[in-house]
Amino acid sequence: MTKNLLALVFILISCHSFSQIKGRIVDKKNEPLPFVNIYVENTFTGTTSNDQGYYDLNLNKPGTYTIVFQFLGYKTVKKDVEIKQFPYLLDATLTEEQISLNEVVINSNENPADIIMRKAIAARKVNLEKINSFKADFYSRGLIRIKNAPEKFFGQELDEFMVGLDSTRSGIIYLSETISEIEYRRPDKLKEKIIASKVSGDNNGFSFNTASDVDYNFYNNTIELGNQIISPIADYAFNYYRYKLEGVFYDDKGNLINKIKVIPRRENDRIFSGVIYIVENQWTIYALELGITGIQAKIPPAEVITIKQNFSYSDTDQIWVLISQGMDFSYSLFGFKGDGRYMAVYSNYNFNTQLTKKSFGKEILSFANEANKKDSTYWKSIRPVPLTDEEISDYLLKDSVQTVRESKPYLDSIDAKNNKFKISKTLFGYSHRNSFEDWSVGYSSPLSDFQFNTVQGYNSKLSFYYRNNIDKFRRFFSANASFQYGISDERLRGTASFTYKFNNITKPFLTVSGGIETQQFNESQPISPLVNSISSLFFENNFMKIYDKSFAQVGYTQELTNGINIYSTVAYERRKALINTTDQVIFNDKNDVYTSNDPRNPIAYGIPAFDTHNLLKFNLNARINFDQEYLSYPDSKINIPNRKYPTLYLGYEKGLAASERQYNFDQLKARVAQSFNIGNKGDFKYNLKAGTFFNADDIAFMDYYHPNGNQTHLGTSSTYLNMFNNLPYYALSTNTSYLEMHAEHDFKGFLLSRVPLLNKLNYNLVIGAHAFATENQKPYQEYSIGIDNIGFKKFRFLRVDYVRSYQNGYQGDAVIFGLKFLNIIE
C-alpha cells in the first residue's frame, strides 16, 4: 500500500466531526515526538502521541481549555484555546529542557542521589497508600512485530500465520486495542469492563490486553514481570542499586524534579536500570524509564523490556497519578526475533468513589455486549492515540483478506498443500485437516514412543486421533486410539478414548475409555519410559514394574462453582501379573542382573506378583481454589488462582465388587499445596498429603499408596514437590494411614548473586525438605541443597541437587541431575 493511499484513508476517516483536539508534536528540528502526554490542565483528561507524533484528545463539549504538552527531557508547553467546533487542530513544538547539575553537587557532601532516594524510599509506603480508590477510563494497544521470519519451523510452513509481511519477511504479527472502564480499591482490587475490543485480522476476536496485566506499581517493593522484580524505591533497594543524580529541572507548576540514574549493583539480579524522576519535597515519582533484560527477568525469549511511566498532578485532588505507560520489548528465540510495544492511557480519573469491599466480586474482567463489533467510526471517535501508518496498513490489509482467508476455497487450497502425504510421514507422523469444517485426523510417529522394558522388550506405540472443534475450541469432540506391540512378549495391546467438552465456562468434560495396557504399580508413573529404557539397557537397572490392565472407564469433570472443581471416574479393571521376558542389555555388567517384575520381591523370577483378579473402582476428587478470581470472556472463563491461599484437594476412592472380597477397600485422602513469593528472597512452595485406608488389610499392591521415589539420579521436573529423590520406588508403599510433606525454597539469586564471580553465572540456590510417615515404620526424611538455572545464555534446563536421607538414622546420600527438558520431551 502506498503512502498516498494511506494518507487518503486517514483523511477520509478524519472527515467525521468528533469531539476531538488533534494535531502533531515535533521538536525544533521538526522531528516527531512519540509518547508525549497531552492533557487538559488540572484534569485527568488526556492522551499520548503515537510514533509519528500525532495525537487525538477527546473532549465532551466546546469551550475554553488549557492544553498541556509534557514530555521527558523537554520543556512543558501550555496552550490556551477557545474551541467553538470540533475537530480542533492544535500542533505543538517542544524544546529540550535545560537540566542543571553543578549547583546540586557542590552543595552536598554526600552523594545527592542517595539522599534523594533515601527520602523517596522513606515516603514509599505513604505514597502507595495515598490513593484509596478510583474509577478511570483505560485504553491499551498491543503490537508485536517479527523480523526476518523463517519460512518453516520444524518442517511446518509459516506463511499461513504470517499475513502482511514485507519482502524481508518482517512486519506486524499481532495488533489489538481495548477501551475499558476500570475500578480500583486499595490494596489490590482491580476490576475491568472492556467496552470495545479490536484485533487486526479477526473481526470476532477479543484482545488479551488488560489493565491487570500492565499494573506495574513501582511504589510496591517488587513488580510482577514474569518474576518479582525489585523496585528502585523498594525498602531494600540500596542492596541492589546505586544511584547518580544527572540533573534537576522545574516543571510547569514550579516543582523541582530530580533526574536519577538507576544503576544495578550486580548485572544478573532481578532489577532494573535506567532513569527515575523524583519530585523534591514530595518524594513522589514524576516519571520513569526503566529497562530489564530477559536474563534478569528470567524470561528466556525476551531480550530487553523497557517500561515508561508518566504521572500528572491535580491541584483539585492534590495527588500524582499515572496517566500513560509504555512497555517496549524485543525478543529472540529459536530463530524468531522481533520487537513490540504495549501502551496504556489512563484518563478521566474519579477519586470520589463509593467503592467498598463489596463492590468487588471474583470477576475481575468482563466484556460489554458487542464489544468486538464496534466499527471504524466508533474507534475513530474514541481512540485516544492515533494509529500510525504501519498500524493503519495492517488493519486494512488483514481486515480486507479476512473474508477470503475464512472462505472454503481458500482454506481448501491451504489444506490441499499441507495435507500432501509424503513417504517420510510414514515414520514421522501424519495429520490431515479440514480447516473450513474445523476437524483433523492423523497418527503419531511410531518412533516417538519407542522404548524398552524387561517385560515387553523393545516396544513402540502408534497413536491415532480425530478432533472436531466446535465454536472455535469452546466445545469439541475427540477420539483417540493407541496400539502398542512388545517384541519380546509378542503381545499387541490397544486402548481407545472418546472425549466431549460441553462448554468453556464450567468446562465439563465427559470421557469414555477402555482397552488393554501395561500400567506401573504406582499409577503416578514415578519413572518415565525413556529414563527406564536408558537405565535398563545401559546400567541393567529395570526399575519400572508393570502389570497388565484391561479396563473400561467413564470419567467426568466440571467446575461446580467458582473455585470448586470435581473429578470423578468409574472403572472396571481386570489386573493380571506379568513377568520378565528378556534380559537384553547394551552394556552387560557381570556383577549386576535385572530384578524380577515383582516390586516387593526382586528375586521372584518367573513368579507372578499377584493373582489375576477383577475390581470395580470409583474415584471422586475435588479441587478447591480459595478466593479464586476469574476473567469472563464471551462463552469462556479463565480462572486466576489466588496465591495468598493454598489449594485444597479432597478425594475418596473405593474398590468394590472385586472377584475376591479382600481386594475391596476405601481410602480418604487430602492434599494442600501452595506457591508464593517472599519479596526479594525468592519463591517458597510446599505440598502436603495425608490419607487413610479402611478395610484394606489384604488389598492388591497396586491399590496401595506409593510415595514417588527415584533411584536413577535423574530428575525430570522443574521442582521436587512430589517425590523423594533418594527413596526406592516401593520401599514405603502402604495400605494404612500416611502423611507426606514436601517443601522447597528457590532463592532466585538472593544469595548467590552476592558471591563474587559466582554471581556472573546467574545460578539459583534451592533448598528442600521432604518427609513421609506411616504406621509401623520410622519416619523417613530427605534434605537437599541444589543449584538451578544452569545452562548457557537463554537455555537453562539443568539443575543439580545433593540429597541426604534419614530413617532411624542416616540412610544415604545422592546427587540428582535435573534435566528439565526431559519433561518437555515426554
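Reference entry: report on the structure contained in this document. This is a predicted model, so every value here is computed, not measured.

Another aspect to go through is the overall build of the chain. Each helix and strand counted, the chain has 11 helices and 44 strands in total. Projected onto its principal axes, the C-alpha positions of the chain cover 95 × 70 × 50 Å. Considering only contacts in the chain between residues 6 or more positions apart, those separated by 24 or more positions represent 61%. For the chain, the exposed area adds up to about 39,400 Å²; of that, 55% sits on carbon and sulfur atoms.

Below, the discussion takes up helix H3 (residues 112–122). Along an α-helix, residues three or four positions apart point the same way, because every turn accommodates 3.6 residues. Within H3, burial applies to Pro112, Ala113, Asp114, Ile116, Met117, Ala120 and Ile121. For H3, the N-terminal cap is Asn111; the gap from its side-chain oxygen to the backbone nitrogen of Ala113 is 3.1 Å.

Before going further, it helps to spend a moment on the pattern of salt bridges. With the rule as written, the count across this model stands at 40 salt bridges. When the shortest N-O distance is used, the salt bridge between Lys78 and Glu41 registers 2.5 Å. You can see Lys78 sitting in strand E6 (residues 77–83) and its partner Glu41 sitting in the loop between strand E2 (37–40) and strand E3 (46–48), a full 37 residues away along the chain. Residue class for Glu41 comes out partly exposed when judged on its relative accessible area of 22%. Salt-bridge contacts for Asp683 lead to Lys748; the nearest nitrogen and oxygen are separated by 4.0 Å. Highlighted residues: Asp683 in strand E38 (residues 683–694) and Lys748 in the loop between strand E40 (738–746) and strand E41 (764–774), separated in sequence by 65 residues. What makes Lys748 buried here is its relative accessible area of 18%.

As a further point, take the side chain of Asp801. Position of Asp801 relative to the elements: it lies in strand E43 (residues 795–806). A distance of 2.7 Å separates a polar atom in the side chain of Asp801 from a polar atom in the side chain of Arg799. Non-local contacts of Asp801, meaning those with residues more than four positions away in its chain, are made with Tyr720, Ser784, Ile785, Gly786, Ala814, Val815 and Ile816.

This part takes up empty space enclosed by the protein. Evaluated as defined, the whole model comprises six cavities of 30 Å³ or more. Reported here for the largest cavity is a volume of approximately 130 Å³. Contributing to the lining of the largest cavity are 17 residues, with Asn268, Asp269, Lys748, Gly749 and Ser753 lying nearest its centre. For the lining of the largest cavity, the class distribution of residues is six nonpolar, seven polar and four charged. In terms of lining, the second largest cavity is formed by Gln70, Phe71, Leu72, Gly73, Tyr74, Lys75, Thr76, Glu97, Phe249, Tyr250, Asp251 and Tyr286. Taken together, the residues of the lining of the second largest cavity sort by class into six nonpolar, three polar and three charged.

Procedures and definitions
- Residues numbered from 1 in each chain as written.
- Predicted model: local features only at pLDDT ≥ 70, side-chain atom pairs only at ≥ 80, totals over all residues.
- Heavy atoms only, no water.
- Helix = DSSP H or I, 4+ residues; strand = E, 2+ residues; numbered from the N terminus.
- Contact = heavy atoms within 4.5 Å.
- Areas by Shrake-Rupley, 256 points an atom, 1.4 Å probe, with all protein chains shown as cover.
- Buried < 20%, exposed > 50% of the residue type's maximum accessible area, 1.4 Å probe, protein only.
- Polar contact = N/O pair within 3.5 Å; in protein donor to acceptor, adjacent residues only side chain to side chain.
- Salt bridge = Lys/Arg side-chain N within 4 Å of Asp/Glu carboxyl O.
- 1 Å grid on protein atoms, 1.4 Å probe; cavity = no way out; pocket = protein on both sides within 12 Å on 5 of 7 lines; lining within 4 Å.
- Points joined across faces, edges and corners; volume = space filled by probe spheres on them.
- Nonpolar A, V, L, I, M, F, W, Y, C, P; charged D, E, K, R; others polar.

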